[in-house]
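# Structural overview for review
Next come the chains, spelled out residue by residue.
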Amino acid sequence: MNEPDPLDPKSLDLPDSREFAQTAALLALAADPLAPPPALKARLLAAIRPEPEPRRARLGWLLPAAALAALLLAPVLKPARAPAARLVSAQGAISIAGRAAAAGAPLRVGETVAVEPGGEALVQVGGGAAVRLTHGGRAVLRRAGSDIEVGLLAGWALSAVAPGRPYAVVTAHGRIAALGTVFLVRAGPRRDYVCICRGRLRLTGGFGEAELAAEGHRDVFISDDAPPVPAAGPLDGHTDADIAAATAALSRP
Amino acid sequence: MHPDGGCARTMDGKPEADEAAGLLRRIAGERDPEAFARLYDLHAPLLFGLVIRILANRGDAEDVLQEVFLQVWDKAADFDAERGSARTWLVVLARSRCLDRLRRKGRREGRELPLREGGAEPAEAPVGTGGLELSEAGRAVRQALAALPEPQRRAIAASYFDGLSQSEISRQTGEPLGTVKTRMRLGMLKLMELLEPYRDR
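Residues numbered from 1 in each chain as written. Chains lettered and ligands numbered in written order. Predicted model: local features only at pLDDT ≥ 70, side-chain atom pairs only at ≥ 80, totals over all residues. Heavy atoms only, no water.

## Concerning the overall build of chain A
On a plain count of helices and strands, chain A comes out with four helices and 14 strands. Taking all 253 residues of chain A together, the buried fraction comes to 49%. In chain A, the share of contacts with a sequence separation of at least 24, taken over all contacts with a separation of at least 6, comes to 45%. Carbon and sulfur atoms make up 58% of the accessible area of chain A, which totals about 12,100 Å². (Helix = DSSP H or I, 4+ residues; strand = E, 2+ residues; numbered from the N terminus. Buried < 20%, exposed > 50% of the residue type's maximum accessible area, 1.4 Å probe, protein only. Contact = heavy atoms within 4.5 Å. Areas by Shrake-Rupley, 256 points an atom, 1.4 Å probe, with all protein chains shown as cover.)

Take a look at the structure:
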């Protein structure tokens, strides 16, 4: 919910006019304009990247027939834009597509789930992956072919993925694909921190491609232009209990 | 009279204002990433300067700017050109997000009353980005603020840039609440007069 503006015209006994609002907005120009870091734009553009067009097979007469069948069956079929994920649990202020969300809320492709600092959201993605967003985590669901991937815009994402389930977290710096694993990604402006808590990951980005495996926690940084480098030490904040909770979400109905 | 003595124009300058409104329509209607990128290029420096001025923290400012543009992507259809320019809409979104964040962090009252002579200054030196040139309208706004008596200017800046309520300003300055309110009221009336040439038509 938005806070009331302390420069409210009514509190000054002035009419709530268009002139007042525009004058107040003009005050922003008193601040020096400042170029944001380029990575911020890259993150935003990655987040809003359109879904790829589905490949069109040469089906000839089948297309009109399929369209007619779809029309006839529409009342008994699920909506075309069915939820791709679901909020399993929520602590603190969580929003989906800008609206407050509670446990059980659906999350569709293209929608952003946001966790306020101090909050936590556990999201079940399809049947074989779960992601726990913390530390101001903000992620958008995207479609990659027939798979769903998580575009991580900010914060931390601890993912648990069932073996054989295609799943990836994408940041401004690269794509972290699970090969049956539990892993944590912390999105940063200049580089991302990745912890392979267990299993194998394929990392892809401007640095090329790398495959990493670990039995226990293994920590690396990835950036645009250098191969993954080992981190000095693990990040706090993804405990065995966190991993167990994310893993348990895989099998929830 | 125009503050710079030049020809009157709106806050955005007409061509840029039209372009931004068109970009918002393309975002809302066509979900066009190129329009989004262009809107970002046009307005991100202004908004980043504003949010870093309000939040005084570069990390928070980056977060808020990101939130604002994601909100733009999701809510571009809410923009109504009849009610003001795209830039006005974006500034309102950005400032509102900043005030929310300041309130959540509960750090407004710990801040010094802001605004040095002549207008706001960036809360942090730019790191590797460099400040950008002020627009004509930006210079006019600074001159208009500088034309106010200092107590009026400080009260308005404390409210606008730090989100302080009149009561909070009164506590910080030790002045009666009615005095603070009168100063803000007179200051805003004067600014509405001085900045009239720069408002949206």
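## Quick word on the environment of V150 of chain A
Residue and element names in this part refer to chain A. Tracing the chain through its elements places V150 in strand β8 (residues 147–161). With 12 residues separating them along the chain, V150 and R138 place their C-alpha atoms 9.9 Å apart. Those residues in contact with V150 that sit more than four places away from it in its chain are A139, V140, L141, Y167, A168, V169 and V170.

## Here we look at the interface of chain A and chain B
Taken together, the contact between chain A and chain B spans 47 residues of the former and 70 residues of the latter. Around 5,500 Å² of area is buried between chain A and chain B when both sides are counted, 65% of it from carbon and sulfur atoms. The three residues of chain A that bury the most area against chain B are L29, L34 and I48 of chain A, which together make up 13% of that side's buried surface. On inspection of chain A and its partner chain B, the count reaches four salt bridges. Between D13 of chain A and K181 of chain B there is a salt bridge, with the nearest N and O atoms lying 3.3 Å from each other. At the junction of chain A with chain B, the criterion picks out 13 residue pairs in polar contact (both at pLDDT 80 or more). (Buried area = accessible area lost by both parts, 1.4 Å probe. Salt bridge = Lys/Arg side-chain N within 4 Å of Asp/Glu carboxyl O. Polar contact = N/O pair within 3.5 Å; in protein donor to acceptor, adjacent residues only side chain to side chain.)

## Side note on the environment of A56 of chain B
All names here are of chain B. Within the secondary structure, A56 sits in the loop between α2 (33–55) and α3 (58–75). Among the residues examined, A56 registers a relative accessible area of 34% and is labelled partly exposed. When the C-alpha atoms of A56 and F161 are compared, they prove to be 9.9 Å apart, with 105 residues separating the residues in sequence.

## Thoughts on the pairing of strand β7 (residues 129–144) of chain A
Residue and element names in this part refer to chain A. β7 sits mainly inside the fold: 12 of its 16 residues count as buried. Bridge count between strand β5 (residues 112–115) and β7: three bridges; the pairing is antiparallel. Counted as the bridge partner of V113 is A139 from β7. Where strand β6 (residues 120–125) and β7 come together, five bridges link them in antiparallel fashion. If you follow V123 over to β7, its bridge partner there is V131. For β7 and β8, the ladder comprises 13 bridges, and the chain directions are antiparallel. Looking across to β8, one finds that V131 is bridged to S159. (Pairing = 2+ DSSP bridges.)

## Notes on the packing of aromatic side chains
Residue and element names in this part refer to chain B. Counting across every chain of the model gives seven aromatic pairs over all chains. By the ring-pair criterion, three or more aromatic residues cluster together here, those being F36, Y40, F69 and W73. Residue placement shows R53 over the ring face of F161; its charged tip is 4.7 Å from the ring centre. (Phe/Tyr/Trp six-rings, centres within 6.5 Å; stacked < 30°, edge-to-face > 60°. Lys NZ or Arg CZ within 6 Å of the ring centre and 35° of its normal.)

## Brief notes about the pattern of salt bridges
Inspection of every chain in the model, using the stated rule, returns 20 salt bridges over all chains. Two residues, R138 of chain A and E67 of chain B, come together in a salt bridge whose shortest N-O distance is 3.5 Å. With R138 of chain A in strand β7 and E67 of chain B in helix α3, the pair connects residues from two separate chains. For E67 of chain B, a relative accessible area of 9% gives the class buried. With its nearest N and O atoms 3.0 Å apart, the salt bridge here joins R101 of chain B to E67 of chain B. One end of the pair, R101 of chain B, is in helix α4 (residues 86–105); the other, E67 of chain B, is in helix α3, with 34 residues separating them in the sequence. Summarising the burial analysis for this pair, R101 of chain B and E67 of chain B share the class buried.

## Section: the confidence of the model for chain B
All names here are of chain B. Of all residues in chain B, 77% have pLDDT values of 70 or greater, and the mean over the chain is 78. Within chain B, helix α1 (residues 14–30) has the poorest average pLDDT of any element, 82, and helix α8 (residues 177–194) the best, 94. Counting contacts from residues 1–13, a segment whose pLDDT is below 50, to residues more than four positions away or on other chains yields 40 contacts. Within the model, the stretch residues 109–131 combines pLDDT values under 50 with 64 contacts to residues more than four positions away or in other chains. (pLDDT = per-residue confidence, 0-100.)

## Description of the nonpolar core
Soluble globular proteins: nonpolar side chains tend toward being buried together. Membership of the largest hydrophobic core comes to 78 residues, with the highest contact counts inside it found for L7 and L27 of chain A together with V72, Y160, M188 and L191 of chain B. Of the residues that make up this core, three or more belong to each of domain 1 (12–107) and domain 2 (132–201) of chain B. Among all residues touching L27 of chain A, those that are not within four sequence positions of it are L7 of chain A together with V141, L145, I156, Y160, F161, M188 and L191 of chain B. Among the nonpolar cores identified, the runner-up in size contains 41 residues, and L107, A129, A139 and L141 of chain A belong to it. (Core = buried A, V, L, I, M, F, W, Y, C linked by side-chain atoms within 4.5 Å. Domains from an automatic or database assignment.)

## Regarding the state of the cysteines
Scanning the entire structure with this criterion turns up zero disulfides over all chains. Here C197 of chain A stays unpaired: no disulfide links it, and the sulfur of C195 of chain A, its closest cysteine neighbor, is 4.0 Å away. (Disulfide = S-S within 2.5 Å.)

## What to know about the side chain of D219 of chain A
With respect to the helices and strands, D219 of chain A occurs in strand β13 (residues 218–222). Here D219 of chain A occupies a buried position and makes no salt bridge, while the nearest side chain of opposite charge, R218 of chain A, is found at 8.2 Å. (Lys, Arg positive; Asp, Glu negative; His and termini not counted.)

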